[in-house]
Amino acid sequence: MTAPTVAGPFGALREQLTDAVAAFADSPDALAGILAGIVDDVDRALGERLEIFPVCHHSPASGLAMVRRLRAKQPRVIYLELCEDLQPLLGELRNCRLPVAVQAFASELADFPADWGPLSVVAPVTEASAEYQAIAYALETPGVELVLVDRSTDHVFQWTPRADGDDGIGPAGGAGEEAALHGDAVGVEIGDLRPRFAELEAYLLHHGKVRHWSEWWDQYVERPLADADHDTYRQVMVLIGSLFRRLRPSGSDRLDRDEDRERYMWTRMRQHLAASGVDPADCLYVCGAFHAASRVEQFGIGSAAPDFEITPRTATRWRYGLIPSSHSAIEAQFGLAPGSVSIAAATWTKAVSRNGLTPFRLDGQRGTSTRGRRGRSAAASSPDVAPSPTAVPSAAAPVADRLSGFLAGAPVLDGLDEAELRGWCVDIVRLARRNGYLASTADAIAVFETSVLLAALRNRARPTPYDFADAAVTCIEKDVVPGRRDVRRLCEILLGGDRIGQVGYDALPPLARDVLDRLQPLALDLEKRTIQRALLDLHAQPELAGCSDLLWMLRHLLPPGAVRPIMGERRLGHRSVQESWDLALGRDQRALIELGYEGVTVEQVLEQRLRRAVRGTGATAAGALAAVEDAIRLLNSPRLVDELGERAVDLLAAERTVDDAPDVLRRIRRLLAHLRATAPTLPAWCEAFVTTGYAHYCTLLPTAIAAEETEVRQVSAMLGFLFAMEGLALSLGCDRSQLELAVAQSHPTAPAKVSLLWAARHQLGLLPLAELRARCADLLANPLVVPAFPQYLSGFVHALEPVPGLAPFVVETMSTAFARLPDPVLLPWLPTLITTLRDQGPELVPLLVREAGRTFPGALSELDAWVPPWVAPPSSAPVVPVAEPLRRTGALLAAHPAAVDAVATLLGCPGGWQPTRNPSASPSAVAALLAGHPETVEAVAALLVAPGPSVSHDVH
């Protein structure tokens, strides 16, 4: 390694660091290279003609330095490290309440894996960030141009796989309502300064006596740089960025992507300078400190390296907008300590007041105490924005070494602000008592003293908000949290709260504005973040029917809490006359805004989603039927219903399992009932679904009933479809022999499926009730089968779905089991029976209860004399004389021949009346035949008059 030179403004510092390395380091070569390298990086960055302004995202120190530099330099062009395709959105920030996030969203992907969708990129903006100050200055100052130079959002996903880490981008994380404001968007963080070496971060946290990187940064960077001059700020920030850059492992994918970003940005800046002809001395390049210490060959406007080759964007269609953000969402997305962004906002406000600065704000910015034009300097307010003669750009002035003094000098220790700390202690006790804690004045004193003690232990002259929060947790939070918020969360609320942004009406996408306009008849302020109650009396105010339709569609599209019905329902064939809703559209603004990226109206988005639901890779027949229901309930579009129904037929025919058979049966029954009541004829897709399902389930029945992975309720649903749709299927051309062959080929082994098959054979007339009763008696008589008898009963219970007429027999079988089994067998058997019925057929148990209510006596006094109908002996019925009724019938018909002639003509029977016989002379041939065989007459008579549910079943 070549020895470092001593030339340049930082030669003395380089020499001091080299001597220190030689005196203290075990391996001086490596450490000397790092320390000399970071000094070289600072020298290189500050010597660039285009002034580089290094920042850290959401840093109050960076924001304060940016305000001072903008007023002193008054640049004509600001190059900002932000995705270049987000620039048209920045003007809409004036219609929002910060913090908000600039978002790019894509739901229809091209050249990206389908499972990545939807793609989303967000860049959160807070008032304390240096980027917002630069944006506000550029947009509010005439003649100033703002140019975004970072890669486009499309290149974000081209260059970075979704599974990679948080190197400038990263998937959203964290839990909680506000932490989810960014959803699963990829966050573009400007100026990320977290070290990539876990060992370095652990070392800094350990020796800094802090728990989180945000606290270390606040103590050792934020506070010392808050009042530093411009040159000191730049040199320190570039030094830190270079240190973290050189500690990153060489050859890593993240470093390669960062260097590509730097090549991209320098290429864009050189292209703009060449096209516009602006003087680089009038420009300012705002980027993260990590990128300020760049060593790529394209660094600098005077570099001789060729421009970086920028690949074209994919065909993915991106939509852009603003979504609300919050402090907790920013902390969760970028891995900051909870409360750090709120503390930074409070620090910003206090520093602005202390230093007498007027920050830049967009004109008309919501949620600010002053208008944006008050933030302009006198020079910026005039059309001529040329720098004043006294404002000399720093690039033209010689670079002076400020690092040596900053690093060697002792930190300025602020005295203890007792009034501020005392106010914190009193307020946290008051807030704790409101949230259920038994806090008192003694706790406030304890928090005060503990805060001072913790600051002293951590080598701080005054307690920081982090020390105060630790002291409050120690002194107030004993063993349990009485409410929803713990003490640390209360400290975050006290020190600034979780400020939540809001997107104004003018910045909303067309769909969101259309929703708010269509809901205006409700007379509610839907932009508020509170939950509001809407009452709709559609009988008295029929004009609110449109609002009702829109709310039901929004309930289907938005998260559950955004639009929640309290009273009323919308199902097939039914619409409530009165409805009550809880609306939180202001709180769930992000979901409504992202809905606007999918279409122009709610109806269009709902139609697209229903089509995607039935066309996706995981689409099922049950899901398609659900989409048909939603189309009927919400859109009332026959064309869409037919399209979705035809897709349901195709999906059913392509299925190879019966996992969704219960859902299919339930939905097709409901749809058939609705269509038969509302349509003159069944749609063609509905008839095709029935015929396809009949053949499909007949084919799958033998395999499914024997497979171990198939549940009993699924086989029951198959049989329910076959028996319930049998009449319609046969009328449409299906063959009943398909079902008979499928049942004959079924050979289950599980007890529940065996009994289910018996019920199916009984329904087909292949297994008489007497034989079925005998088989159950044999099971109860076999001691080896008795423990498994609840499984047989479970099958019979599930058989009530395809064969509801078996309900009396199931009650009979269960009662017989209770009567015949001894107590030592019955008592251990009952829990198994109860759990089996509860787990496998809870919706069918009420059928058994109702049948039992009809079978058993209704009063206790009748129980002793009650005889079960299945054990009652058949009553002997007298032989009914046949000849006399037949003679009377013949005489009646002969007296009124017109009716017989009409029936004969209708049936096409030729011939006339035979000569009349004397009814008393001799019985007819039929009467003679019946009289000769009285056993048949007696059996029929006994069958017709015998009581009991089993008799009614036989008749059926």
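The structure displayed is predicted, hence computed values, not measured ones. Each chain carries its own residue numbering, running from 1 in the written order of its sequence. Reporting in this predicted model follows two pLDDT cut-offs: at least 70 for local features of residues, and 80 or more for side-chain atom pairs to be given and counted; totals over whole chains, interfaces and linings ignore these cut-offs and use all residues. With hydrogens and water stripped out, all remaining heavy atoms of the structure feed into the side-chain values.

Chemist: Explain the overall build of the protein here, please?
Modeler: The helix count covers DSSP runs of H or I at least four residues long, the strand count covers runs of E at least two residues long, and both are numbered beginning at the N terminus. Assigned secondary structure in the protein consists of 40 helices and 15 strands. Residues classed as buried in the protein amount to 50% of the 956 residues present. Burial classes follow relative accessibility: with a 1.4 Å probe on protein chains only, a residue under 20% of its type's maximum area counts as buried, one over 50% as exposed, and anything between as partly exposed.

Chemist: Even after reading the chapter, I still don't get a negative patch on the surface, so can you show me in this structure?
Modeler: Residues enter a patch when their relative accessible area is above 30% and they make no salt bridge; the linking distance is 9 Å between like charges and 5 Å between nonpolar side chains (Val, Leu, Ile, Met, Phe, Trp, Tyr). In short, Shrake-Rupley with a 1.4 Å probe defines the accessible areas, and a residue's cover is counted only from the protein chains shown. Salt bridges, as used here, are contacts in which a Lys or Arg side-chain nitrogen is within 4 Å of a carboxyl oxygen on Asp or Glu. When charges are counted, Lys and Arg are positive and Asp and Glu negative, with His and the chain ends excluded. A charged residue contributes its charge at one atom only: NZ of Lys, CZ of Arg, CG of Asp or CD of Glu. Together, Asp659, Glu708, Glu709 and Glu711 make up a region of like negative charge exposed at the surface. Positionally, aspartate 659 belongs in the loop between helix H24 (638-654) and helix H25 (661-678). Among the residues examined, aspartate 659 registers a relative accessible area of 47% and is labelled partly exposed.

Chemist: Explanation requested: the packing of aromatic side chains in the structure shown.
Modeler: How two aromatic rings sit relative to each other is set out by the distance from centre to centre and by the angle between their planes. Aromatic contacts are taken between Phe, Tyr and Trp rings whose centres are within 6.5 Å, Trp giving its six-membered ring; a plane angle under 30 degrees counts as stacked, one over 60 as edge-to-face, and the others as tilted. The full count for this structure, using the stated rule, is 17 aromatic pairs. Ring centres of tyrosine 137 and phenylalanine 360 lie 5.3 Å apart, and the angle between their planes is 75°; on these two criteria the pair is classed as edge-to-face. In this pair, tyrosine 137 is assigned in helix H4 (residues 130-140) and phenylalanine 360 in the loop between helix H12 (340-355) and helix H13 (378-381), connecting sequence segments 223 residues apart. We note that tyrosine 137, like phenylalanine 360, is buried. Taken together, the ring pairs connect Trp758, Phe789, Tyr792, Phe796 and Phe809 into an aromatic cluster. Criterion for a charge above a ring: Arg CZ or Lys NZ at most 6 Å from the ring centre, at most 35 degrees from the ring normal. In this arrangement the basic side chain of arginine 71 is found over the ring face of phenylalanine 360, its NZ or CZ atom lying 4.3 Å from the centre.

Chemist: Explain the sheet that holds strand E11 (residues 532-537) here, please?
Modeler: The strands that make up a sheet pair up through hydrogen bonds in the backbone, lying either parallel or antiparallel. Strands sit in the order E11-E15-E12 across an open sheet of 3 strands; the sheet is antiparallel. Only two strands of the sheet have a single neighbouring strand rather than two, namely E11 and strand E12 (563-567). When strand polarity is set aside, the average angle formed by the axes of neighbouring strands in this sheet is 25°. Paired strands, in this sense, are two strands between which DSSP finds at least two bridges. Here E11 runs beside strand E15 (residues 578-583); their pairing, made up of 6 bridges, is antiparallel. Bridge pairing links aspartate 537 to glutamine 578 in E15. Angles shown run from 0 to 180 degrees and are taken between the N-to-C directions of axes, each axis being a line fitted to C-alpha atoms and, for helices, limited to the stretch in contact.

Chemist: Please clarify how the sheet that holds strand E8 (residues 283-288) should be interpreted in this entry.
Modeler: Strands sit in the order E1-E8-E2-E6 across an open sheet of 4 strands; the sheet is parallel. In this open sheet, the two strands that pair with only one neighbour each are strand E1 (51-55) and strand E6 (145-150). Along the sheet, successive strands turn relative to each other by an average axial angle of 30°, direction set aside. The pairing of strand E2 (residues 77-83) with E6 spans 5 bridges and is classified as parallel. Across the sheet, residue cysteine 83 finds its bridge partner in E6, namely aspartate 150.

Chemist: In this structure, what is going on with helix H7 (residues 213-225)? I would like to understand it.
Modeler: Along an α-helix, residues three or four apart share an orientation, since each turn contains 3.6 residues. Under the convention used throughout, the expected extent of a helix is 1.5 Å for every residue step, that is, one less than its residue count. A rise of 1.5 Å per residue sets the reference length of H7, with its 13 residues, at 18 Å; its end C-alpha atoms lie 17 Å apart and thus fit the reference within 8%. To get the bend at a residue, fit one axis to the 7 residues ending there and another to the 7 starting there, then take the angle between the axes. Approximately 35° is the largest bend angle found in H7, and it occurs at glutamine 219. Among the 13 residues of H7, 10 are classified as buried, and the element is accordingly described as predominantly covered. Regarding H7, the residues found buried are Trp213, Ser214, Glu215, Trp216, Trp217, Asp218, Gln219, Val221, Glu222 and Leu225.

Chemist: Help me understand H4, please; the structure alone is not making it clear to me.
Modeler: With 10 of 11 residues buried, H4 is to be regarded as a mostly interior element. Within H4, burial applies to Ala130, Glu131, Tyr132, Gln133, Ala134, Ile135, Ala136, Tyr137, Ala138 and Glu140.

Chemist: Can you walk me through the environment of alanine 704 in this structure?
Modeler: Mapped onto the secondary structure, alanine 704 falls in helix H26 (residues 684-706). Along the chain, alanine 704 and valine 658 lie 46 residues apart, while their C-alpha atoms are 7.3 Å from each other. Those residues within four positions of alanine 704 in sequence are excluded, and the remaining contacts are Val658, Thr710, Val715, Met718 and Lys753. Residues are treated as being in contact if the distance between any of their heavy atoms lies within 4.5 Å.

Chemist: Whenever I open this one, the pattern of salt bridges confuses me. Can you help?
Modeler: When charged atoms on two side chains of opposite charge get close, those side chains can pair. Overall, the coordinates contain 44 salt bridges when judged by the stated rule. The salt bridge involving aspartate 467 is made with arginine 458; its shortest N-O contact spans 2.5 Å. With respect to class, aspartate 467 is no different from arginine 458; both count as buried. Its salt-bridge partner being glutamate 643, residue arginine 611 comes within 3.0 Å of it at the nearest N-O pair. On the criterion of sequence distance, the pair formed by arginine 611 in helix H22 (residues 602-615) and glutamate 643 in helix H24 is long-range, its members being 32 residues apart. A residue is classified by how much of its surface remains accessible, and arginine 611, at 25% relative accessible area, is partly exposed. You can call glutamate 643 partly exposed: its relative accessible area is 25%. Sharing partners across several salt bridges, the network here consists of Glu629, Asp663, Arg666, Arg667 and Arg670.

Chemist: Whenever I open this one, unusual backbone geometry confuses me. Can you help?
Modeler: A negative phi angle is the norm for most residues apart from glycine, just as the trans form is the norm for most peptide bonds. Each neighbour pair has its own omega, and for leucine 98 with proline 99 the value is 5°, a cis peptide bond. Positive phi, close to 60°, is recorded for histidine 58, a residue that is not glycine. By the secondary structure assignment, histidine 58 is in the loop between E1 and helix H3 (60-73). Of the residues examined, histidine 58 reaches a relative accessible area of 7% and is grouped as buried. Positive phi values are uncommon outside glycine, yet glutamine 74 reaches one of about 50°.

Chemist: Where do I start with the packing of helix H15 (residues 418-434) against helix H16 (residues 441-457) in this structure?
Modeler: Geometry of a packed helix pair, given as the angle between the helix axes and the separation of the axes. Viewed as axis vectors pointing N to C, H15 and H16 meet at an angle of 135°, and their least axial separation amounts to 9 Å. Taken together, the axes of H15 and H16 lie oblique to each other. In the crossing of H15 with H16, the sense of the turn from one axis to the other is right-handed. Only Asp443, Ala444, Val447, Phe448, Ser451 and Val452 of H16 make contact with H15, whose side of the interface consists of Glu418, Leu421, Arg422, Cys425 and Val429. Residues are sorted three ways: Asp, Glu, Lys and Arg are charged, Ala, Val, Leu, Ile, Met, Phe, Trp, Tyr, Cys and Pro are nonpolar, and all the rest, Gly among them, are polar. Here the residues of the contact of H15 with H16 sort into 7 nonpolar, 1 polar and 3 charged. By the definition adopted for this analysis, an angle is roughly parallel if under 35 degrees, roughly antiparallel if over 145, roughly perpendicular if from 65 to 115, and oblique otherwise. Should the near helix be turned anticlockwise from the far one by less than a right angle, the crossing is left-handed, and should it be turned clockwise, the crossing is right-handed.

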